[in-house]
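Each chain, written out:
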Amino acid sequence: KADGRGRLCFFEPEMDARMQARRRLEMDLRRALVAREFELFFQPIVEVRSRRVTGLEALLRWNHPQQGLVPPDHFIPLAEEIGLIIPLGEWVLEQACAHAARWPGDTTIAVNLSPAQFASRGLVDAVARALAAAGLDPGRLELEITETVMLQDTDATLTTLHRLKALGVRIAMDDFGTGYSSLSYLQRFPFDKVKIDRCFTRDLGQTQQSDAIIRAVAGLCQGLDMRTTAEGVETEEQFRALARKGCAEAQGYLFSRPCPAGEIPEMLARLSLAACAAEAGMLGAQ
Ligand code: C2E
Ligand code: MG
Ligand code: MG
Ligand code: MG
């Protein structure tokens, strides 16, 4: 009745239930930010040539008091819709930079930005503030954006990208190959890195098509002076196939699942040993 034109409005019980669930989730999300129920997990990114860890990606988790660990796909879309992604995203940036400042050497930290966050006025300042507060070298921060960001108003997008790069941070295109006109984005936007979506990694070493796609994307990016990372590497077979395709980095369960900050030292130690063993194995084979 609210639209006052005497129209009838029917609600399927199912739809009503869905809207109620959504409203509950919305309230829960707002509460969670105040109650500090969010936590960052970290997953290593490995250099293919040496198997050494070059950086870690921060992946957001929600420690829900009743539901346990909730993955980001279940709440980030709604957080975007209701604007909560702005304070939540700033929290992620602050936390990620603070953690990275404690890591050894020049290990980088990758942070995902959502389209709404990217389009927000305060983004560049928020990034600068997070870096300054942590005392982190901007060259160690990598911001990951998806193609959806590129679909927005391109002049403003380009301006923001250049302002971010002027801070000294690096920009990666995430989930490459899953959207529409990726190639034109590569030409127009100044990416430092391209992350090839895991749907292309799945059949690596098993089908000619996957091998050809990875090889072509890696070659293309090399020509554009962009590094490539293959996402979702789960098996040694996939990894070996990667090594022959000119893809610089790999990320996936083969090396480690995303883990809480407290487990990072142990994870890095384990991977460092594995890298040494692989190197020794290679030397032995020569
Ligand atoms: P993404 O940035 O593409 O992150 C990679 C996703 O793939 C992560 O899922 C990771 O756990 C998963 N993954 C990594 N290796 C493997 C593998 O070998 N096999 C399989 N099957 N999966 C693997 P997760 O953590 O559930 O995150 C999902 C998406 O949520 C992320 O995709 C990213 O787009 C978004 N996200 C995560 N954290 C944040 C955040 O802090 N802010 C924003 N805006 N988005 C975030
Ligand atoms: Mg990502
Ligand atoms: Mg991705
Ligand atoms: Mg993704």
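Our structure is the block above this text.
Everything in this summary refers to the structure shown in the same document. Remember, it's a predicted structure, so these values are computed and weren't measured experimentally.

1. Looking at the coordination of the magnesium ion (ligand 2)
For a metal bound by four donors in a tetrahedral arrangement, the ideal donor-metal-donor angle is 109.5 degrees, while six donors in an octahedral arrangement ideally sit at 90 or 180 degrees.
And step 1. Binding of the magnesium ion (ligand 2) to the protein goes through Glu-57 (OE), Asn-112 (OD1), Glu-144 (OE) and Asp-174 (OD), at separations of 2.0 to 2.2 Å.
And step 2. In primary sequence terms, the donor set of the magnesium ion (ligand 2) follows E-x54-N-x31-E-x29-D.
And step 3. Looking at Asn-112, the relative accessible area reads 29%, which means it is partly exposed.

2. Comments concerning the coordination of the magnesium ion (ligand 3)
And step 1. Only Asp-174 (OD), Asp-175 (OD), Glu-231 (OE) and Glu-231 (OE) from the protein reach the magnesium ion (ligand 3) as donors, at distances of 2.0 to 2.6 Å.
And step 2. Spacing between the donor residues of the magnesium ion (ligand 3) along the chain follows D-D-x55-E.
And step 3. A distance of 4.1 Å spans the gap from the magnesium ion (ligand 3) to the magnesium ion (ligand 2), which Asp-174 bridges by coordinating each metal. With Asp-174 in strand S6 (residues 170-176) and Glu-231 in the loop between strand S8 (227-230) and helix H11 (236-243), this residue pair connects regions lying 57 residues apart in the sequence. The pair Asp-174 / Glu-231 is uniform in exposure class, with both members buried.

3. Observations concerning the environment of Phe-38
And step 1. With respect to the helices and strands, Phe-38 occurs in strand S1 (residues 38-47).
And step 2. Note: C-alpha distance between Phe-38 and Asn-112 (74 residues apart in sequence) is 15 Å.

4. What about the packing of helix H3 (residues 85-100) against helix H5 (residues 123-134)?
And step 1. One can describe the packing of H3 onto H5 by two numbers: an axis separation of 8 Å at closest approach and a directional angle of 30 degrees. In terms of orientation, H3 lies roughly parallel with respect to H5. In this structure, H3 crosses over H5, and the sense of that crossing is right-handed. Packed against H3, whose contacting residues are Glu-90, Leu-93, Glu-94, Cys-97 and Ala-98, the element H5 presents Ala-126, Val-127, Arg-129, Ala-130, Leu-131 and Ala-134 at the interface.
And step 2. Looking at side-chain class alone, the contact of H3 with H5 contains eight nonpolar, no polar and three charged residues.

Parameters and conventions
- Residues numbered from 1 in each chain as written.
- Chains lettered and ligands numbered in written order.
- Predicted model: local features only at pLDDT ≥ 70, side-chain atom pairs only at ≥ 80, totals over all residues.
- Heavy atoms only, no water.
- Donors = N, O, S within 2.8 Å, 3.2 Å for Na, K, Ca; no water.
- Buried < 20%, exposed > 50% of the residue type's maximum accessible area, 1.4 Å probe, protein only.
- Helix = DSSP H or I, 4+ residues; strand = E, 2+ residues; numbered from the N terminus.
- Axes fitted to C-alpha atoms, helices over the stretch in contact; angles between N-to-C directions.
- Parallel < 35°, antiparallel > 145°, perpendicular 65-115°, else oblique.
- Left-handed = near helix turned anticlockwise from the far one by under 90°.
- Contact = heavy atoms within 4.5 Å.
- Nonpolar A, V, L, I, M, F, W, Y, C, P; charged D, E, K, R; others polar.

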